[in-house]
Amino acid sequence: MKKITIKVNLKNNSYPIVISNYLLQNTGPEIKKIIPKAQKFLLITDKNIPKSYARSILSSLKSKKKYLLTLAAGEKSKNMNFSNAIIKKLFKHNFNRDDCVIALGGGVIGDLSGFAGSIFKRGLNLVQIPTTLLAQVDSSIGGKTGINSKEGKNMIGTFYQPKLVLIDPTTLKSLPHRHLVAGYAEILKYALIMNKKFFSWLEKNSHSIINLTDINLLMHAIKESCKSKAIVVQKDEKEKNLRAILNFGHTFAHAFEAVKKYSNDLIHGEAVLYGMMIASSLSVKMKMLNINEHQRIKHLYRRLNINYQIKNIFKKRDINKIFNYMKHDKKIYGSKINLILLNKIGKAKIVPSDLNKNIKPILVEQFN
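Residues numbered from 1 in each chain as written. Predicted model: local features only at pLDDT ≥ 70, side-chain atom pairs only at ≥ 80, totals over all residues. Heavy atoms only, no water.

What follows is about the overall build of the protein. If you tally the helices and strands in the protein, you get 13 helices and 12 strands. Relative to its length of 368 residues, the protein is compact, with a C-alpha radius of gyration of 20 Å against a globular reference of 21 Å. Expressed as lengths along the three principal axes of its C-alpha atoms, the size of the protein is roughly 60 × 40 × 35 Å. Expressed as a percentage of its 368 residues, the buried residues of the protein come to 60%. For the protein, restricting intrachain contacts to residue pairs at least 6 apart in sequence, the fraction spanning at least 24 positions comes to 75%. About 16000 Å² of surface is accessible on the protein, with carbon and sulfur atoms providing 49% of the total. (Helix = DSSP H or I, 4+ residues; strand = E, 2+ residues; numbered from the N terminus. Rg over C-alpha atoms; globule rule 2.2 N^0.38 Å. Buried < 20%, exposed > 50% of the residue type's maximum accessible area, 1.4 Å probe, protein only. Contact = heavy atoms within 4.5 Å. Areas by Shrake-Rupley, 256 points an atom, 1.4 Å probe, with all protein chains shown as cover.)

We now examine the packing of helix α6 (residues 177–194) against helix α7 (residues 196–211). The N-to-C vectors of α6 and α7 enclose an angle of 175°; their axes lie 9 Å apart at closest approach. Overall, the two elements α6 and α7 adopt an arrangement that is roughly antiparallel. Where α6 approaches α7, its residues His-177, Leu-180, Val-181, Tyr-184, Ile-187, Leu-188, Ala-191, Leu-192 and Met-194 are matched on the opposing element by Lys-196, Phe-198, Phe-199, Leu-202, Ser-206, Ile-209, Ile-210 and Asn-211. Its residues assigned to classes, the contact of α6 with α7 comprises 13 nonpolar, three polar and one charged. (Axes fitted to C-alpha atoms, helices over the stretch in contact; angles between N-to-C directions. Parallel < 35°, antiparallel > 145°, perpendicular 65-115°, else oblique. Nonpolar A, V, L, I, M, F, W, Y, C, P; charged D, E, K, R; others polar.)

Here the structure, examined in full by the defined rule, presents five aromatic pairs. For Lys-189, the ring lying beneath its charged end belongs to Tyr-190, and the centroid distance is 4.8 Å. When the ring centre of Phe-314 is taken as reference, the NZ or CZ atom of Lys-260 above it lies at 5.0 Å. (Phe/Tyr/Trp six-rings, centres within 6.5 Å; stacked < 30°, edge-to-face > 60°. Lys NZ or Arg CZ within 6 Å of the ring centre and 35° of its normal.)

So, on to the packing of α6 against helix α8 (residues 215–235). Packing of α6 against α8 leaves a shortest axis separation of 9 Å and a crossing angle of 55°. Taken as axis vectors, α6 and α8 run oblique relative to one another. Seen from above, α6 lies across α8 with left-handed handedness. The residues of α8 that touch α6, namely those facing Ile-187, Tyr-190 and Met-194, are Ala-221, Ser-225, Ser-228, Lys-229, Ile-231 and Val-232. A class-by-class count of the residues in the contact of α6 with α8 yields six nonpolar, two polar and one charged. (Left-handed = near helix turned anticlockwise from the far one by under 90°.)

With 13 residues, helix α3 (residues 80–92) ought to run about 18 Å at 1.5 Å a step, and its terminal C-alpha atoms sit 18 Å apart, in line with that. Residues of α3 that are buried include every one of Ser-83, Ile-86, Ile-87 and Leu-90, and no others. Each buried residue of α3 sits inside an arc of 95° when the element is viewed along its axis, so together they form one side. Exposed residues lying more than 90 degrees from the buried face of α3 are Asn-81, Lys-88, Phe-91 and Lys-92. (Expected span 1.5 Å × (residues − 1). Arc of directions from axis to C-beta.)

What follows deals with the sheet that holds strand β5 (residues 100–105). Read across the sheet, seven strands follow the order β1-β2-β9-β6-β5-β3-β4 without closing on themselves; strand pairing throughout is mixed. The strands lining the two open edges of the sheet, one partner per strand, are β1 (4–8) and β4 (66–71). In this sheet, adjacent strand axes meet at a mean angle of 15° when their direction is disregarded. Of the strand pairs in this sheet, β1 and strand β2 (residues 15–19) are connected by five bridges, and their pairing is antiparallel. Within β2, the position partnered with Thr-5 by the bridge is Val-18. On top of the sheet, helix α1 (residues 27–34) reaches β2, β3 (41–46), β5, β6 (125–130) and β9 (164–167); it is set at about 160° to β9, its chief contact. On top of the sheet, helix α4 (residues 107–119) reaches β3, β4, β5 and β6; it is set at about 165° to β5, its chief contact. (Pairing = 2+ DSSP bridges.)

So, about the sheet that holds strand β10 (residues 332–333). On the basis of which strands lie adjacent, the open sheet formed by three strands has the order β10-β11-β12 and antiparallel pairing. Of all the strands in the sheet, the pair left with one neighbour each is β10 and β12 (347–354). Helix α13 (residues 355–365) rests against β10, β11 (336–344) and β12 of the sheet, and its axis sits at about 110° to β12.

Once that is clear, we can look at the nonpolar core. Ranked by internal contacts, the top residues of the largest apolar core, which has 84 residues, are Ile-17, Leu-188, Phe-252, Phe-256 and Ile-359. With 10 residues, α6 is the single largest residue contributor to this core. Counting residues in each nonpolar core, the second largest holds 21 residues, with Leu-24, Ala-38, Tyr-53 and Ala-54 among its members. (Core = buried A, V, L, I, M, F, W, Y, C linked by side-chain atoms within 4.5 Å.)

This paragraph deals with unusual backbone geometry. Positioned with a positive phi, Tyr-262 is a non-glycine residue whose angle comes to about 55°. Residue placement: Tyr-262 occurs in the loop between α9 (250–259) and α10 (268–285). With a relative accessible area of 14%, Tyr-262 lands in the buried category.

The next subject is the environment of Lys-11. Structurally, the position occupied by Lys-11 is in the loop between β1 and β2. The exposed category is assigned to Lys-11, whose relative accessible area is 81%. C-alpha of Lys-11 to C-alpha of Gly-106: the two residues are 95 residues apart in sequence and 27 Å apart in space.

The structure is reproduced here in structure tokens:
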């Protein structure tokens, strides 16, 4: 498949998403086209990313003032201490607002780099180069940055759009299968909330995506996901209404991750897969989603051998912990929380849901 460019059209912060195989070695020229004034570059990555990726990018940057910062991998790195480490590096080399931070890695590196870059001198140029499927189809696009705290996931953050997103699907070859399935969660999300035709396509082609057996099918899935996210972000950049539908399954997922202390026991995409299924079940309970469509969703999970019952990963005594984290979610209004539920496959709706009448019962039901 040829090089694909998708434009995120925003009032003041438009940028391209470029999708192409073997793109890393062409990073420098792609950045030069969009950010011609940048003189200094800080490439931020983590210890799980192959060193050859960083070498390819650094060698493509025609500047003597290019620096590498390699951080510990995993969700536990997404905190103020690591954000401060990035800022310290930027101060040390006297970066200014024309210069550039490049985030190479998954969602953690993208969120962390974006957050640090957004608050240093009120904002440097940011380039996202996502190397996980989840980051390629979701977290690298849309400008949400954030770090975690003991109070919950992404409670501290900013809206800060990148100048450029570069997606090289060949980087996915270094991923464990588990992380491909986790990334697939976000692809499935777009189909469920806004594109029934895409869901039907996924029913036929999902095996090829999570097993990397056909690069063209994979690129099509990435393209459709990026287009979907771009459409939503263009209509609602700061999540005042419509963009909230992108949180489908995530309110439950964030609570699950917090209870697991952001450990490798449950990675983000896996939590989203559980969360989407519970949100789908709640949609049926609230007489929104047709039972037959609910069965289609369940059938797709089963065919891909994806777990969807939280009793596989939590004990019954964890319900109160999950519930308590949900009570502190950013979307709480009084005794209700804005959940994203399904009217049907391909159509989502923001529904204020009572914590005690709707949320706790559906959690309890998962263990019966």
